[in-house]
Structure formats: structure tokens, C-alpha cells
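Given next are the chains, with one letter for each unit.
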Amino acid sequence: SGDNLPLVRTIAGLLSCRVGGGVRTVTRAQEILESGAQQVIVGSSLFKDGRPDLEFASALAGAVGAGRVIAAVDSRAGQVVIHGWKTALPLSAIEAVRALEPYCGEFLFTYVDAEGLMGGTNIPAILSVKAATSRRLTAAGGITTQAEIDDLDANGVDAVVGMAVYTGRLAVD
């Protein structure tokens, strides 16, 4: 609860950071970037009435620069999900990525179906999103092994690994 900008300032003073969470306005994105974040991660607010909110995306990109915007596109059961993965939209991740591409420099794609389950991720689903955009793609959701990380890397996709590191299943050297 509360405002995390003091924390962002502290961490961004020490490390290069990409910051997201609760970015609902252009002003908030600007505040985060002015606090030292290199890029701002925006998710649910990029969608309105079941589809990409291109008006907001355009305003955001115009204010901070598309290269500083990472569009978070989360997918469960083949549909984009927002609001903490609670609201499913009648839209695929591929459709969302294609619509939002002009307004961001990167995508963060979470394959929610595998998130936290330690059973591996869906490489074909991730690569289909990668094929839909020329932007940088970072993938999350169930990435558990070094082989998955290597496969994604070989295909030009960065990986976010959480539970596999936290539980010690994947060693960080």
C-alpha cells in the first residue's frame, strides 16, 4: 500500500530498473521514469472494453516515448487476462501484440497457465507471440529449466524465472 516511488528512487539509483504495477495514467508513468526507472511496464490499463486501448497507448507513447514503454500482455487459456489475471478478454495475445506494437518498445508476455507450477512453459505459445511482433519479447510463466531458457534465448526471447530460482530447482551461477 502507499506510494512506492521512494523505493523506486533508491533501487534505480543502484541498478538499471524496469518498473511496473498500477500504472494507470500517463502521469504515473512519467513519475516512475522521473524516479529513475529506465522503462515502465504497463498492463491492464492498455485495455478497455475488451480490446486494446489505443488512445491511452498512443498518449503514453507520445508522452514518454514508445521505447520506454513495455506492454505487459498476459494470457490464460488463449485469452488476454487483466486485473491480476481475473478478467479474461475476448482477445488473443497475438491480436493484442499486433495492435499495441506501435506504442511500445518491448512486450512482457506471461503464459499464466503455467505460472508458478514448476512444470515448464509453453515454448510454442511464446514463439507464436514472438512471431507476431518485431519488438523485443520477454517471456514469463512456468519457465523452469536451463534448457527452456536456452531455447527461448536461441529464438531471441528473454526469460523471467521466478519459482524455479526461489525453490532452488534452477541454480543461479
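Structure shown above.
Residues numbered from 1 in each chain as written. Predicted model: local features only at pLDDT ≥ 70, side-chain atom pairs only at ≥ 80, totals over all residues. Heavy atoms only, no water.

> How should a nonpolar patch on the surface be read in this particular structure?
Together, Leu7, Ile11, Leu14 and Leu15 give the surface a local cluster of nonpolar side chains, amounting to about 420 Å² of exposed area. Looking at the secondary structure, you find Leu14 in the loop between helix H1 (5-12) and strand S1 (18-20). (Patch = residues over 30% accessible without salt bridge, like charges linked within 9 Å, V, L, I, M, F, W, Y side chains within 5 Å. Areas by Shrake-Rupley, 256 points an atom, 1.4 Å probe, with all protein chains shown as cover. Salt bridge = Lys/Arg side-chain N within 4 Å of Asp/Glu carboxyl O. Helix = DSSP H or I, 4+ residues; strand = E, 2+ residues; numbered from the N terminus.)

> Got a minute to help me understand the pattern of salt bridges in this structure?
Where side chains of opposite charge bring their charged atoms close, a pairing between them can arise. For the coordinates displayed, the defined rule picks out five salt bridges. One salt bridge connects Glu106 with Arg18, and the closest N-O pair in it is separated by 3.0 Å. Remark: Arg18 occurs in strand S1 and Glu106 occurs in strand S8 (residues 106-111); sequence separation between them is 88 residues. Given a relative accessible area of 1%, Glu106 falls into the buried group. Residue Glu106 pairs with Arg136 through a salt bridge whose shortest N-O separation is 3.8 Å. (Buried < 20%, exposed > 50% of the residue type's maximum accessible area, 1.4 Å probe, protein only.)

> Hey, could you run me through the layout of surface pockets in this one?
Unoccupied space between atoms shows up once a probe the size of one water molecule is rolled over them. Volume-wise, the largest pocket comes out at about 450 Å³. Lining the largest pocket are 21 residues, and of these Gly21, Gly22, Val42, Gly43 and Ser44 lie nearest its centre. Secondary-structure elements contributing two or more residues to the lining of the largest pocket are strand S2 (39-42), strand S5 (69-76), strand S6 (79-82) and S8. Looking at the lining of the largest pocket residue by residue, the classes come out as ten nonpolar, nine polar and two charged. If you add up the space inside the second largest pocket, you get close to 190 Å³. Considering each element in turn, the lining of the second largest pocket owes the most residues, three residues, to helix H7 (residues 163-166). Of the residues in the lining of the second largest pocket, the class split is nine nonpolar, five polar and one charged. (1 Å grid on protein atoms, 1.4 Å probe; cavity = no way out; pocket = protein on both sides within 12 Å on 5 of 7 lines; lining within 4 Å. Points joined across faces, edges and corners; volume = space filled by probe spheres on them. Nonpolar A, V, L, I, M, F, W, Y, C, P; charged D, E, K, R; others polar.)

> For this particular structure, what's the right way to read the packing of helix H2 (residues 26-34) against helix H3 (residues 54-64)?
For any two helices packed against each other, the geometry comes down to the angle between their axes and how far apart the axes lie. Their axes nearest at 10 Å, the elements H2 and H3 cross at an angle of 35°. Every pair of crossing elements has a handedness; the one defined by H2 and H3 is right-handed. Along the contact surface, H2 presents Val26, Ala29, Gln30 and Leu33, while H3 presents Phe56, Ala59, Leu60, Ala63 and Val64. The class makeup of the residues in the contact of H2 with H3 is eight nonpolar, one polar and no charged. (Axes fitted to C-alpha atoms, helices over the stretch in contact; angles between N-to-C directions. Left-handed = near helix turned anticlockwise from the far one by under 90°. Contact = heavy atoms within 4.5 Å.)

> Please clarify how the pairing of strand S9 (residues 136-140) should be interpreted in this entry.
A regular strand places its side chains so that they alternate between the two faces of the sheet. The buried fraction of S9 amounts to four of the five residues, a majority that puts the element mostly inside the structure. With five bridges connecting them, S8 and S9 associate as parallel partners. Bridged to Thr110 within S9 is Ala140. Following the chain from S8 across helix H5 (residues 123-131) to the adjacent parallel S9, one finds a crossover that is right-handed. Pairing analysis gives three bridges linking S9 to strand S10 (residues 157-159), with the strands arranged parallel. Each residue of the ladder has a partner; that of Ala139, found in S10, is Ala159. (Pairing = 2+ DSSP bridges. Right-handed = clockwise from strand over helix to strand, strands pointing away.)

> Is there a simple way to think about H2 in this case?
An α-helical turn contains 3.6 residues, so a residue and the one three or four places further along point in the same direction. Val26, Arg28, Ala29, Ile32 and Leu33 are the residues of H2 that are buried. Projection of H2 onto a plane perpendicular to its axis shows the buried side chains occupying an angular sector of 165°, all on one side. Of the surrounding elements, those touching the buried residues of H2 are H1, S1, S2 and H3. Positive backbone phi, approximately 115°, marks Gly36, located one or two places after H2. (Arc of directions from axis to C-beta.)

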